[in-house]
Amino acid sequence: MATINAGAPSAQGETAQVLSSSAKPIVNDFSLQVATVNGSGSQSANNVLLRSIFAMGIPVSGKNLFPSNIAGLPTWYTIRASKHGYVARKEDIDILIAMNPETAQEDIESLRPGSVAIYEEKLNLRQYRSDVICYEVPFDKITAEVCPDARLRKLVRNMVYVGVAAQLFSIDMATVEDSVRRQFSTKKKAAELNLNAVKAGYDFAANSLVKSDPYAVERLHLTDGKIIIDGNAACALGAMFAGVTVVTWYPITPSSSVVEQLIDYLKEYRVEEDGKASFAVVQAEDELAAIGMVLGAGWAGARSMTATSGPGISLMAEFAGLGYFAEIPGVIFDIQRVGPSTGLPTRTLQGDILSTAVLSHGDTRHVLLLPCSVKECFEFGIAAFDLTEQLQTPVFVLSDLDLGMNNWMSDKFDYPEKPIHRGKVLSAEDLNRLGGNWGRYRDVDGDGIPYRTLPGTDHPKAAYFTRGSGHNPDAKYTERADDYQNLMDRLAHKFETARTLVPEPQIVANGTSKVGIIAYGTSDYAVLESRDQLQKEYGVATDYLRIRAYPFAKEIHDFVASHDRVYIVEQNRDAQMLSLLKLDLPAKQTVKLRSILHYNGLPIDARSITNLFTQQEEL
Amino acid sequence: MATPSAPAPKVNRLGLPILDYRGGKTTLCAGCGHNAISERIIDAMYEMGVQPERVMKLSGIGCSSKSPAYFLSRSHSFNSVHGRMPSVATGALLANKSMLGLGVSGDGDTASIGIGQFMHLMRRNLPLIYIIEDNGVYGLTKGQFSATADIGSRLKTGVANELPPIDTCSLAIELGATFVGRSFSGDKKQLLTMLKAAIAHKGTVMLDVISPCVTFNDHEGSTKSYKYMQEHEEAISEAGFVPSFEDIAVDYDPGTTYDVEMHDGSHLRLRKLHEDYDPTDRIHAVKSLMEAHARGEVLTGVFYVDPRKPSFTDMLNLVDQPLATLPQERTRPSRKVLDEIMAEHE
Ligand SMILES: Cc1ncc(C[n+]2csc(CCOP(=O)(O)OP(=O)(O)O)c2C)c(N)n1
Ligand code: SF4
Ligand SMILES: [Mg+2]
C-alpha cells in the first residue's frame, strides 16, 4: 500500500505539494537506485531494467557501486533515464528500491523529500521518513509463491522488483519480457522462472499499490540503432580489430574484464580454420612480467598489449622507462581506480594521469590516450596500436572504472577504414637497397622517429643491439656526453611529432565566451550537463575543450590563450591534468588555470561542477 | 693458368667462417669466466651451423648480461632490465617462435632480483637456452654476495656468507625445465657439448655455468674460484653429442650410456660416471644434486633431460607463421564480424 504521511511532522514542510499525486508527471527523467547485497544476483535484474528502458528508446546509463568483496557487502546500482541524454551520475536519487535490510535505514534517510522508496514490507521504513513516497511490497511472500525451490529464491526475489517498477513507472511489459529472455538466452528454464517473478511483482503492484509518485517512462526513439556495452569490452574489441597478437596480463580490478572479454573474442574470431591461434595470451606472474613480455613481443614485431590498474602501473615503471629509452612499442590499458596504494579498488578516479605521463626515472615522457566513451575505447584501442608502432614508444590508454565496468549507451562502432600502420620497419630488401648502411637510432626523416628491423630479418646487417644503457645513433654503447644529450633531444623531438599524431581535442566554442572549461575522460558527461545548468540557471555560456591525448595538441594551447579563465575539471585531488598543462604552457597562460575537482570515488556529477564553478566565478 | 690461391678459410655447413659468429671486443676483465662462455657459445653456434640471423640474444643486467655484445653480432640482441630477462624472452619468442632464443643471465640477475621470473619461465618450459654465468657474486656492483654463494664462502674482505645457496638446477628440474645441467667455464669440452645439445633441444634448457669472477671472487676461501672448481668439480656423466646432420657411426654400450634422441633428430649420449645416474628421472636428479652438495662436491653434467614434453609455444597452439609478421588479413577480423558483435549489443 502506498502511503504518504503528508500530515506527519516534517522538517521540510514545503514538500507536501510535491507529494501530492496530482503533481505534474515527470516523464523519462529520473534516477533509480537499487540497494542490494554483493553476490545476491541482482545484476541480472538491474540489467533487465536498464535494457528495458533502453529498448523503449530512452537514453539511459547504469552505474554499479560495488564493494571490494565477493559476497555479503552492500552494493548499489543506479539507473538514470534522461530524455535530455544526460548519462552522468546524478547526485539525487529519485527512486530507491531498498533490498538490503542492513543499509535500508541509511538508504531511505539519504533521500530527498518527495522521492520514492520501494521496500520489503517488513522493514517498515516509513517510520524513518514521512516525506518520502513509500511502496511496501511483501517480496518474501511473492517470491515464495513463484519459486518453490528455496535455494533459488535469493536470486529470483530481485526479479520481483523489476515487475513492481515496471508497473509503477509504466515500463512496457512486452519489452521487459524480451529483456528477460535475452538475459537468460541460453537458459530457458531460468528465463521462465524469472519471468514469472517479474509478472508476480507486476500483478502485485497493479492490484495492491496506488500510484502516488510522478515518475513515468514513455516510449521515445532516442536509442534507435544504438548499443549498450561496457568500456572494457570496447577496449578489448579495439585491441582485436587493431590486430593484437600478444596479450599478457595479471588480474586486477577493474581491468581484468578487458582481457577476459578479449580472450572470448579472440577464441571466437581469431582461431583459424586449422584450429590454430593467431594470438597468444599469457597470464603472467605479475605486472613486471606482463610489461616485460609486452616489450619483448613488441621488440620482436608483435602487436602486444597488457591491461592493468594503478598498482600494476606502479610496478611497470622501470620497464616503461626502458620502452621509452630503447624505443619499443607496446600498448598498456590502464583502467584507473582509486589510489594511492590499494585505495578503494572498486571505486573510480582519474588518478594515474600525472604519474603515467612521466612513468619511470630519468626524463621520461609517455603518450597517453584518454577515451571518454565506449566508442572511444574502441577507436583509441585501435589507434594505440598504430601509434605505438609509428612512434616506437609505449602508449597508455587511460580509461577508468566508471567507463570500464559500467554499461554505456553508444552509437555502433565504425569499422576501421585505415589499414594497420606498422611504422618504420626495414625489411631485408630495404637493407639491400641501402647497402646495409643503416643505424637503429638515426633520425633519417627529421621527425625524431628512427627505423628498426625485426629479429629474423634475413640480412647480415639487420641485427642491432638493444639496451637501456647509453647508445649512439648506430645502437653502439656510449657514455659520451654529446651522444647522451643528442639522444635525449631526439626523443624530445619525437614527442613533438607525437603531438601532431595523437587524437586532437574536441572543442565546443561560441567565439564570445571568456570562460573555458577543459575536461577529459568520463568527466565529459557531467561537464556537458553542467554547462546546460550554467546556461539555464545562471545565463552563463562557457566554451569547452575535451583533451583526448597527451602530449597536448596545439589546439589546447590556443584554447587557453583565447580565454580569460579556464577551469580544468578532473576526478582527482591533486589537479593532475592541470599540473601537466602547467608544464606545457607558457607562464603567462598558466595563471589562467583554475581547478574543479571531484575525488570521493564516485563518478563526478554535474551539480558538483556547477557549484564549484559558480563559487569561483562568484555567481 | 690458375694461380695457387691462399687456402680458403674454414667454414661450417652453412659456408660461414667462425668470424661470422664473433661479436664486439669484450670489455669484461681479462680472465673473467664469462669470456670463456662467450667463446663456447660462438663455437657451438658455428659447429651446429646455426644461421646467426635466426638467433635472438636476451639478457638482464650484470657483467654476464653484457656478454651478448661480445658474440654473434649478426644476431638481434636485447640487454633488458635487471632480473627481468625471462619475461622479455617470453614475449619475444611468442612474437616469433621460429627464432632460436638464447638467454644470458648472472647469478644475481637470476637467483636474487629475478628469481620470480626465472621460476615461471622454467615452469612454462619456454623454448629458450637459459645460461646462468654463475660467479657467486654481483660482479658489476663490485663483489657483493649473490644468492648462489655457498655457506662459509668468503669475500675478499673476509666476510663469510651465512645463508644457504639457491641451487638453480634443482629448482629448474622441480619447476619443469626439460634440459638441466651444470658446467664450468673452464671445462671447454663439457660446456661445448652441452651447448650443442642445448641448441638441438626444444623446451627450456637451463645451464648453470660456474664462471669465476677474477676480480671479486677468485681468491682463497671462495667456492666459485678456478682453483676450487678444479679441486671440487665432479662430473655425473660424460656427454657426447652427434648432431642430426652427422652419421651416428660410433657404437655405445647401453649398459653404461644413455642415448637421448633430441627434438631435431640429433643424439645426446650420456656415459654414466656415477653408479645410479639416470637423466630421465627428476627425483633422482635432485637427490644426486643434494647428496653431492652435502659431500662438498660441485656436481656437473646433464642432470635431467626430457625431449618430449611440449614447450610453451606448442601448448599455445599458435599458427605456423610468426605472430610478428602476420598480415592484416589474418589479424583484423572482417567488417561482418564487427556488424555481428554490434548487433549482439543492440
Ligand atoms: C633494479 C636494479 N637494481 C640494482 C641494479 C644494480 N646492479 C647491476 S648488476 C647487479 C648485479 C649483477 O650480478 P650478476 O647478475 O651476478 O652479474 P655479474 O656481474 O656477477 O655477472 C646489480 C645489483 C640494477 N641495475 N637494477
Ligand atoms: S668484475 Fe668479475 S664478473 Fe665482472 S667482468 Fe670482471 S671478472 Fe667478470
Ligand atoms: Mg654474478
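Residues numbered from 1 in each chain as written. Chains lettered and ligands numbered in written order. Predicted model: local features only at pLDDT ≥ 70, side-chain atom pairs only at ≥ 80, totals over all residues. Heavy atoms only, no water.

Moving on to the overall build of chain A. For chain A, the count of helices and strands is 22 helices and 24 strands. Looking at chain A as a whole, 62% of its 619 residues qualify as buried. Summarising the internal contacts of chain A: among those between residues at least 6 apart in sequence, 75% fall at separations of at least 24. Split by element, the accessible area of chain A, about 23,100 Å² in all, is 51% carbon and sulfur. For chain A, the distance from the average position of its 61 positive side-chain charges to the average position of its 75 negative side-chain charges is 1 Å. (Helix = DSSP H or I, 4+ residues; strand = E, 2+ residues; numbered from the N terminus. Buried < 20%, exposed > 50% of the residue type's maximum accessible area, 1.4 Å probe, protein only. Contact = heavy atoms within 4.5 Å. Areas by Shrake-Rupley, 256 points an atom, 1.4 Å probe, with all protein chains shown as cover. Lys, Arg positive; Asp, Glu negative; His and termini not counted. Charge placed at Lys NZ, Arg CZ, Asp CG, Glu CD.)

By the element assignment, Ala 509 of chain A lies in the loop between β19 (506–508) and β20 (515–520). On the basis of relative accessible area, Ala 509 of chain A is assigned to the exposed category, the value being 51%.

A few words now on the site of ligand 2. In the vicinity of ligand 2, the residues found are Leu 28, Cys 29, Cys 32, His 34, Cys 63, Asn 135, Cys 213, Val 214, Thr 215 and Phe 216 of chain B. For the shell around ligand 2, the per-class residue count stands at seven nonpolar, three polar and no charged. (Near = heavy atom within 4 Å. Nonpolar A, V, L, I, M, F, W, Y, C, P; charged D, E, K, R; others polar.)

Moving on: the packing of helix α8 (residues 231–241) of chain A against helix α9 (residues 256–269) of chain A. All names here are of chain A. Across the interface, α8 lies against α9 with an axial gap of 8 Å and an inter-helix angle of 45°. Accordingly, the angle class assigned to the pair α8 and α9 is oblique. Two packed elements cross with a definite hand, and for α8 against α9 that hand is right-handed. For the pair formed by α8 and α9, the contact residues are Asn 232, Ala 233, Cys 235, Ala 236, Leu 237, Ala 239 and Met 240 on the first element and Ser 257, Val 258, Gln 261, Leu 262, Tyr 265, Leu 266 and Tyr 269 on the second. Of the residues contributing to the contact of α8 with α9, the split by class is eleven nonpolar, three polar and no charged. (Axes fitted to C-alpha atoms, helices over the stretch in contact; angles between N-to-C directions. Parallel < 35°, antiparallel > 145°, perpendicular 65-115°, else oblique. Left-handed = near helix turned anticlockwise from the far one by under 90°.)

With that out of the way, let us pick up the coordination of the magnesium ion (ligand 3). Residue and element names in this part refer to chain B. Coordination of the magnesium ion (ligand 3) by the protein is provided by Asp 107 (OD), Asn 135 (OD1) and Val 137 (O), with metal-donor distances spanning 2.1 Å. For Asp 107, a relative accessible area of 2% gives the class buried. Given the relative accessible area of 2%, Val 137 is considered buried. (Donors = N, O, S within 2.8 Å, 3.2 Å for Na, K, Ca; no water.)

What follows covers the site of ligand 1. Lining the immediate environment of ligand 1, one finds 18 residues, of which Cys 63, Ser 64, Gly 108, Asp 109 and Gly 139 of chain B sit closest. Those residues lying near ligand 1 are distributed over chains A and B. At 2.8 Å from an oxygen atom of ligand 1 is found a main-chain nitrogen or oxygen belonging to Gly 139 of chain B. Taken by itself ligand 1 offers 590 Å² of open surface, and the protein chains cover 77% of this. At the level of secondary structure, the elements contributing two or more residues to the shell around ligand 1 comprise α2 (63–66), α4 (107–111) and β5 (137–138) of chain B. (Polar contact = N/O pair within 3.5 Å; in protein donor to acceptor, adjacent residues only side chain to side chain.)

Counting from both sides, the interface comprises 72 residues of chain A and, opposite them, 54 residues of chain B. Together, the buried faces of chain A and chain B total about 5,300 Å²; carbon and sulfur atoms form 62% of this surface. Where chain A touches chain B, the interface holds six salt bridges. The residue Glu 272 of chain A makes a salt bridge to Arg 330 of chain B at a minimum N-O spacing of 2.9 Å. At the surface where chain A touches chain B, the tally comes to 25 residue pairs in polar contact (both at pLDDT 80 or more). Top contributing element to the side of chain A that touches chain B by residue count: helix α10 (residues 287–299) of chain A, with eight residues. When its residues are assigned to classes, the side of chain A that touches chain B shows 42 nonpolar, 15 polar and 15 charged. In this structure, strand β18 (residues 465–467) of chain A lies alongside strand β2 (residues 76–79) of chain B, joined through three bridges in parallel fashion. Bridge assignment links Thr 466 of chain A to a residue of β2 of chain B, and that residue is Phe 78 of chain B. (Buried area = accessible area lost by both parts, 1.4 Å probe. Salt bridge = Lys/Arg side-chain N within 4 Å of Asp/Glu carboxyl O. Pairing = 2+ DSSP bridges.)

Residues and elements named next belong to chain A. Segmenting chain A into domains produces domain 1 (2–224), domain 2 (229–411), domain 3 (428–501) and domain 4 (506–617). For domain 2 versus domain 4, the separation of C-alpha centres amounts to 27 Å. Across the boundary between the two partners, domain 2 contributes 25 residues, which contact 24 residues of domain 4. Area buried by domain 2 at its contact with domain 4 is led by Gln 350, Leu 370 and Cys 372, which between them contribute 31% of it. (Domains from an automatic or database assignment.)

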